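Summary of the model geometry
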Amino acid sequence: NNEKSVPQLLIRDLKFEKPSLAKLMFSPDQENHPAKAPVKYGELIVLGYNGSLPNGDRGRRKSRFALFKRPKANGVKPSTVHIACTPQAAKAISNKDQHSISYTLSRAQTVVVEYTHDSNTDMFQIGRSTESPIDFVVTDTVPGSQSNSDTQSVQSTISRFACRIICERNPPFTARIYAAGFDSSKNIFLGEKAAKWKTSDGQMDGLTTNGVLVMHPRNGFTEDSKPGVWREISVCGNVFSLRETRSAQQRGKMVENETNQLQDGSLIDLCGATLLWRTAEGLSRTPTVKHLEALRQEINAARPQCPVGFNTLAFPSMKRKDVVDEKQPWVYLNCGHVHGYHNWGNKEERDGKDRECPMCRSVGPYVPLWLGCEAGFYVDAGPPTHAFSPCGHVCSEKTTAYWSQIPLPHGTHTFHAACPFCAHQLAGEQGYIRLIFQGPLD
């Protein structure tokens, strides 16, 4: 067994220099003059993108969106309720200069709830529409897609005006989420088929077609985080257990003791894309891109080698995160042994997908390793010692352990764990593997 004669290196054995990295741990906001910086409520990060959209971030379409305090409050709150006898009358009530939500109960009756300006809150809207009321344009995530052209053919299940987030303008800057967003005529329209009802205090409420689901992690977004329970959020921000399928007519049970208040690490699912909410405070404790770059350089400085070709391996720079480099480390996903690319051990009869590891003879997929560059997905600042399976995205042990436990909504009624960096469904017993590098022989 040639495994014993070779110096093996687990990345955690590297002596990472804490003081040098400690300086890099602070978010860029803290490095610039904090007095002049606008108040940041938090950021939304779309799962499945490793730091930017495949064709680059442009305007309101990007992989992450920061919510800052607006120069002038634009929040709204419910005020007058009108009961109209026809949809035409309802249209007359809801003028274009006033926000309103219309609930069509039947052809003969529509309830219109007018909303009035709220000087204490800021409103941010998310959806597929590119119309001006949408602050953050989100399109369907296709797992592992390298370009937006891969996504265009899919019929989108994300609502044009999917949801809105209302942030308090004063500390502690609480953020709350509501299903549905106001369109260009400042209206939310729940048609006859949408699930809707009258609440005990005489108000109206409803659900959107495919629903807005939220999961708050237990113990925040930290090394000790555990998955919470997925819930559905209504148009008025009430919390419900999930429907049988995404668009079922029957709503779930109301969950009285939970709220629509977002926490650091809350996940928001729009049926086609899932967003991670990070608070400004949470982001200040998260590794920065500089920190991840320092970790990358420290791994490369240890000069890990391929045990077959004895060539030195190196993780490519963060900018070259989609092109396989000749020095790129590859891994056998069943055992975790890291090699350079080679043609040894190809199993023709297994379609060439499975390979035999030259170190331990275990047979399984053989894939290139990629660093996880989206710092917002990391639950700690630990070294990149583990990789998700089957995609080969590398990050800290606690980060792989956390995401491998999260059931993410998929389609209209299934859930599965996925890599946060590329949205590929996880495979294998754990969904991730510990990496075993070989140190230099000299």
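The rules behind the values
- Residues numbered from 1 in each chain as written.
- Predicted model: local features only at pLDDT ≥ 70, side-chain atom pairs only at ≥ 80, totals over all residues.
- Heavy atoms only, no water.
- UniProt positions renumbered as here; feature names shortened; annotations may be inferred.
- Core = buried A, V, L, I, M, F, W, Y, C linked by side-chain atoms within 4.5 Å.
- Buried < 20%, exposed > 50% of the residue type's maximum accessible area, 1.4 Å probe, protein only.
- Contact = heavy atoms within 4.5 Å.
- Helix = DSSP H or I, 4+ residues; strand = E, 2+ residues; numbered from the N terminus.
- Pairing = 2+ DSSP bridges.
- Phe/Tyr/Trp six-rings, centres within 6.5 Å; stacked < 30°, edge-to-face > 60°.

An unreviewed UniProt entry annotates the protein chain as PELI1 ligase of Chloroceryle aenea. According to the UniProt record, the Sequence similarities (unreviewed entry) comment for the protein chain reads "Belongs to the pellino family."

With that settled, consider the nonpolar core. Residues L44, L67, I126, I165, I177, I268 and L270 are the most contacted members of the largest nonpolar core, which totals 46 residues. Setting aside anything within four residues of it in sequence, one finds I268 in contact with L44, I165, I177, V212, L213, V214, L262, A273, T274 and L275. Counting residues in hydrophobic clusters, the runner-up holds 31 residues, among them L47, F221, I406 and C422.

With that settled, the discussion passes to the pairing of strand β7 (residues 121-127). Here β7 lies mainly inside the structure; seven of its seven residues are buried. Residues of β7 alternate between two faces, with T121, M123, Q125 and G127 on one and D122, F124 and I126 on the opposite face, all of them buried. Two strands pair when backbone bridges link them, and β7 and strand β9 (residues 163-168) are joined in this way by six bridges, in the antiparallel orientation. Across the sheet, M123 pairs through a bridge with I166, a residue of β9. Note that β7 and strand β8 (residues 136-137) share two bridges and pair parallel.

Evaluated as defined, the whole model comprises 18 aromatic pairs. On the numbers, 5.9 Å between centres and 80° between planes, the contact of F377 with W403 is edge-to-face. Taken together, the positions of F377 in the loop between β23 (370-371) and β24 (386-388) and W403 in helix α7 (residues 397-404) put the pair 26 residues apart, joining distant regions of the chain. With relative accessibility at 0%, the residue F377 sits in the buried group. Through pairs of rings, three or more aromatic residues link up here, namely F221, F377, Y378, F388, Y402, W403 and F421.

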